[in-house]
Amino acid sequence: MSKKDVAVLVGSLRQASINLKLARAMQRVAPDNLNLEIVPIGDLPLYNQDLDAETAPVAWTSFRERIKSCDGVIFVTPEYNRSVPAVLKNAIEVGSRPYGKSVWDHKPGAITSASPGLIGGAVAALQLRVILTNINVPTLPQPEVYLSGADKLVGDNGEILNEGTQKFIETFLAAFEVWLARFK
């Protein structure tokens, strides 16, 4: 089996972000056949259709090419005001445009969310699932990852701080590996 290239999009720009820590933790425990690469989205200019008219910004073009070339995408989202962060929504918009040239079409995906709060970003993750359905990203249905109390479960360097959480994340990544195989 060839190694699968997975883009990981983190919806928080903070260096100490719990979701960035979760993304790094997933990189550490990913199955050997998955290569998880965190793809930066913070420098993407806000989507403006006028900029797509002639020559799109280089950052958009590079991002679109990166997503187009990967085998799948894991979205790692915090919850801001019971919704998806603007930076993540912007990356989705950039990839879905111009009309008819979406890099998301039929690109298998999965969603994780993490929060120090009790609902673990579940509302943002569910809203993200609706968005991804609209742009035709087949999204892993189970297991759902809404990591509550995540500030006590994932360390600063991406280490998972307890065995139960590590097994859960490993189970999620194994399911995503199987999910990816369905689409290639």
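Note that the structure is a prediction, hence the values are computed from the model and not measured.

Student: I keep staring at the pairing of strand β2 (residues 34–38) and nothing clicks. Help me out?
Tutor: Regular strands place side chains that alternate from one sheet face to the opposite one. Note: strand β1 (residues 4–10) against β2, 5 bridges, orientation parallel. Bridging from a neighbouring strand, Lys 4 pairs with Leu 34 of β2. In the classification by handedness, the crossover that spans β1, the intervening helix α1 (residues 18–29) and the parallel β2 is right-handed.

Student: Sorry if this is basic, but what is going on with the nonpolar core here?
Tutor: Across soluble globular proteins, you tend to see nonpolar side chains buried next to one another. Formed by 30 residues in total, the largest nonpolar core has its most connected members in Met 26, Leu 36, Ile 74 and Leu 173. Every element with two or more residues in this core is listed here: β1, α1, β2, β3 (72–77), β4 (109–114), β5 (145–147) and α5 (163–181). For this core, the element with the highest residue contribution is α1, accounting for 7 residues. Counting 27 residues, the second-largest nonpolar core is a separate cluster that includes Ile 41, Val 94, Ile 131 and Val 137.

Student: In this structure, what is going on with the pattern of salt bridges? I would like to understand it.
Tutor: A side chain with one charge can pair with a side chain of the opposite charge if their charged atoms come near. Under the defined criterion, the tally for this structure stands at 9 salt bridges. Its salt-bridge partner being Glu 37, residue Arg 66 comes within 2.8 Å of it at the nearest N-O pair. Placement of Arg 66 in helix α2 (residues 58–69) and of Glu 37 in strand β2 is noted, with a sequence separation of 29 residues between them. Here Arg 66 falls in the buried class, since its relative accessible area comes to 16%. In this structure, the salt-bridge partner of Asp 52 is Arg 64, at a minimum N-O distance of 2.9 Å. Remark: Arg 64 occurs in helix α2 and Asp 52 occurs in the loop between β2 and α2; sequence separation between them is 12 residues. In this pair, the class of Asp 52 matches that of Arg 64, namely buried. Shared partners join several salt bridges into a network, and the residues in it are Asp 5, Glu 37 and Arg 66.

Student: Help me understand the pairing of β3, please; the structure alone is not making it clear to me.
Tutor: In terms of burial, β3 is a largely internal element, 6 of the 6 residues being buried. Burial along β3 is two-sided: the residues Gly 72, Ile 74 and Val 76 and Val 73, Phe 75 and Thr 77 are all buried. In this sheet, β3 lies alongside β1 in parallel orientation, the contact comprising 5 bridges. Of the residues in β3, the one forming a bridge with Ala 7 is Val 73. Examined bridge by bridge, β3 and β4 share 5 bridges and lie parallel to one another. In the strand pairing of β4, Thr 77 is matched with Ser 113.

Student: Would you mind showing me how to read the packing of aromatic side chains here?
Tutor: By convention here, two paired aromatic rings are described through the distance between centres and the angle between planes. The full count for this structure, using the stated rule, is 4 aromatic pairs. With a centroid separation of 5.0 Å and 25 degrees between ring planes, the pair formed by Tyr 47 and Trp 60 is classed as stacked. Taken together, the positions of Tyr 47 in the loop between β2 and α2 and Trp 60 in helix α2 put the pair 13 residues apart, joining distant regions of the chain. Through a chain of ring-to-ring contacts, the aromatic side chains of Phe 63, Phe 75 and Trp 104 assemble into a single cluster.

About the criteria used
Residues numbered from 1 in each chain as written. Predicted model: local features only at pLDDT ≥ 70, side-chain atom pairs only at ≥ 80, totals over all residues. Heavy atoms only, no water. Pairing = 2+ DSSP bridges. Helix = DSSP H or I, 4+ residues; strand = E, 2+ residues; numbered from the N terminus. Right-handed = clockwise from strand over helix to strand, strands pointing away. Core = buried A, V, L, I, M, F, W, Y, C linked by side-chain atoms within 4.5 Å. Buried < 20%, exposed > 50% of the residue type's maximum accessible area, 1.4 Å probe, protein only. Salt bridge = Lys/Arg side-chain N within 4 Å of Asp/Glu carboxyl O. Phe/Tyr/Trp six-rings, centres within 6.5 Å; stacked < 30°, edge-to-face > 60°.

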